Structure formats: C-alpha cells, structure tokens
Amino acid sequence: MSQAAQRPDHSPADADGVLTVVDLGRPDVVHEFSAEGQRRSFGRGAECDIVIAGSGERRLSALAGIIWRMDGELWLRNVSLAHDLYVEVPGLPPEPPLPPRRSETDRGPARSIPGDLAFVNGPDGCRLRVRQILPENPLLAGSGYGGDPEKTMRVPPVPTSLRDVAQALCAPLLEGGQLPASYAQISAATGITSRKSVRNKVEQLTALYLDEIPALRSLLDDRLEREAAQLGLPSAPRVGGATRSADPRADVVDTAEQERRSALALPTYYEVAHLLVRRGLVTSDGAGPAPAPAVEAEGGRPGPKVVRIGRAPSNALVLGDPSVSREHAELLIGDGTTEIRDLGSGNGTFVNGVQIRRRKLNPGDLLTIGKFTLRYDGRKLAMVRRDQ
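Everything in this summary refers to the structure shown in the same document. Since this is a predicted model, take the numbers as computed values, not measurements.

1. A closer look at the sheet that holds strand S4 (residues 39-43)
Logical step 1: The strand order across the open sheet built from five strands is S5-S4-S6-S7-S9, with neighbouring strands paired in mixed fashion. Each of the sheet's edge strands pairs with one partner strand only, and the pair in question is strand S5 (50-51) and strand S9 (110-112).
Logical step 2: Across two bridges, the pairing between S4 and S5 is parallel. When the bridges of S5 are listed, Phe42 appears paired with Ile50.

In structure tokens form, the structure reads like this:
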C-alpha cells in the first residue's frame, strides 16, 4: 500500500506541480503523483491504496478503480465489474459515465481527468477530489488571467488539420484590425463552401486551446457574463454548456431584439484568435511552425514520415475526447507501407478489433482510438464514427 502525505492538499507542495488525489472521507490524507507512471488503486478492499469507507451498503467494488499519471496528467480506469464511475468537473455539464469492465480479462475503460479541479464519484459515497495544477499553468501566478499570465502559458502549435482555418480566422488581426474573421470571411478565404463545416472547424480550434489553457476559458466565461449583463441578454452561456444568469429584465425583451443585441457581442473565438497572433502561432507568412513531419534514422539517414495522433493540439491528427491520450499513437509512413504504433496510450490502439502495439496497415483496415473509428484506404485515414 502506498504512503500518503499527512498534510492538507493546499500546502506548498502543490505549487511545485504535484498532482494530488484526496478521499473526501479522509481529507487529511493526500495522495501525490509526482512522477510519470505513479498509480493508486481505490475501493473498499483493504488492499487498495485508497480505502473508501463509504456508507456501508457495499455497492462499491473491493477494487473499484485505478488513477495514474501519464503524459503529465491523471487518468482514471474503471476496473469494477459491477458499477459505473463518474468524473465531475465543477461548473460544467455532467460527463458521460465510465462503464465497468466487461469481463475478468478486460482491462477496463479509461479516460483522462480534465481541468485543475475534478471529482471522481462512485457508489456508497465514494468521492475523490483531484487537483492538477502544473508549473506551466498560469493560475499558479495567483491572479488567474491578470497581470501577464501568458508568460507562463504552455501554448501548443496549431494542428496541421486546422492551419488553413486558423490563418483565415486571424487574417484581419494580422492586418491591424481588432476583430477576427467572420464565418463568411473564413469560408471565402479557405474555399470551404459549407458554413457548417467552417463553424465546426473554428469550434474545434477554439475548444482545443480552451481545454489546454484553463485561464483562457475563465477569461472567456467572464467576458460572456459581462456582455450578457450589459446587453440585457437572458443568460451568458458558459463554455461547456452551463449558464450564468444575467439581467432579469431581459425576460421581457422579444426574440428579434435579443438577436439584435446578441449580434453586438464578440464571437466566442475572439480570445483564442488574439492569443494565436500574440504568440506567433499564426503569422502573415502562415499558421506558425508545423509539427515535424519526419524523423531521422540512425546515421542521419531520413526515417519514415511520422504522423502523430492524439488529443493534444500539437498532434498532426487531433482527436478531441478524454478517451484519447495526449499522444496516443503514430503512423509510420515508409516506401509503400504504413504502420500504426501505439505510444503507451491509456485505452490502447486497435486494428480490426484487435489491440496492437505495432502493426502494418492494409487498405480497408479499421483503426479504433478511444471512441473514434477510422478506416485506412491505402493512402489516408477517414473518420467512420465516434461512439457516444
């Protein structure tokens, strides 16, 4: 059983970037995750690292779950055969449950735990508080987004798949304007005729940076709240779906007037567009530096082209879901062959339903990464579906 620190979880050790988990039934015991690969089991069994006393109903499994550190963040795996586990992020809508294992031989589904503060919940009053505040997080400066937190932000490059949209989005700012491009302007600049496709790409780009930089998300939420109050709108939508109340007088404003007032508000991608320009991720010469497309083999000879796949925006193929690791897998594209290699991901990589570490891909193969299924056609990957 692991040794847990006997101290409050707001002590200075957290400021060093230590990730922590606390059982709210024993708030004086802090379980630290200071190194990659560290893990803690939890459940009502005495052999667990975190023993949950619970309510005595014995619905919580003896071994319910495992929390471990991977790629600088904490992950949760449900190893119970009997019940769901839930991840709760304050201020955001409920997350989908993490279901139990299907059999004794199944490792159990896993997902990353998002944000600086979250809770892992299970039956019998199981409730774990998870804090993840790393040194590069601007909130460590103590003033949220105040002062100059961008000096401490770790801002990843624009994903290759979104570079054309990012360039069009930021074009007016690069020319000295104050507002980023509209959907119509982006459509004209990129040649993407579907307005829905443009909107989806901009929303994906925005969500990637808001997820990576919590202070940027807070800045947007605060701005939406101020705008709702100033414009007399019924509510200011928080990113993620939750809402904040605004001016109660807005209830008497008709729909047409609400639409007119809403048009006066800044777009939700305003903060992200300005950040990309300030950080030089989008410039007048193009959308910043691209991820390196190839690696060098031993002796300086060119190696295969490497296409990284994962949840982080720095990947060439970004799959935005907690079931996907930050750097999940990579394609190795050589002379006439393409291989897929798992990078030690939390949920594994599957080809035609079989978990693999490294495998050559053939036309028609189905690749499963987290909740995403993609088909390889001999040249590229195409999305087939995303499970709910």
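Still more ground to cover, so stick around.
2. Comments concerning the sheet that holds strand S20 (residues 354-356)
Two pairing modes exist for strands in a sheet, parallel and antiparallel, and in both the strands are linked by backbone hydrogen bonds.
Logical step 1: Here we have five strands laid out as an open sheet, ordered S20-S19-S22-S23-S24, and antiparallel in their pairing. The two strands at the open ends of the sheet, each matched to only one other strand, are S20 and strand S24 (381-386). Along the sheet, successive strands turn relative to each other by an average axial angle of 30 degrees, direction set aside.
Logical step 2: Here strand S23 (residues 372-376) pairs with S24 via five bridges, running antiparallel. Counterpart to Leu374 in the pairing with S24 is Met383.

3. Looking at the packing of helix H2 (residues 183-190) against helix H3 (residues 195-212)
Logical step 1: Running from N to C, H2 and H3 cross one another at 100 degrees; their axes reach a closest spacing of 9 Å. The angle between H2 and H3 falls in the class roughly perpendicular. Contact residues: Tyr183, Ala184, Ile186 and Ser187 in H2; Arg195, Val198, Arg199 and Val202 in H3.
Logical step 2: When its residues are assigned to classes, the contact of H2 with H3 shows five nonpolar, one polar and two charged.

Rules behind the numbers
Residues numbered from 1 in each chain as written. Predicted model: local features only at pLDDT ≥ 70, side-chain atom pairs only at ≥ 80, totals over all residues. Heavy atoms only, no water. Pairing = 2+ DSSP bridges. Helix = DSSP H or I, 4+ residues; strand = E, 2+ residues; numbered from the N terminus. Axes fitted to C-alpha atoms, helices over the stretch in contact; angles between N-to-C directions. Parallel < 35°, antiparallel > 145°, perpendicular 65-115°, else oblique. Contact = heavy atoms within 4.5 Å. Nonpolar A, V, L, I, M, F, W, Y, C, P; charged D, E, K, R; others polar.

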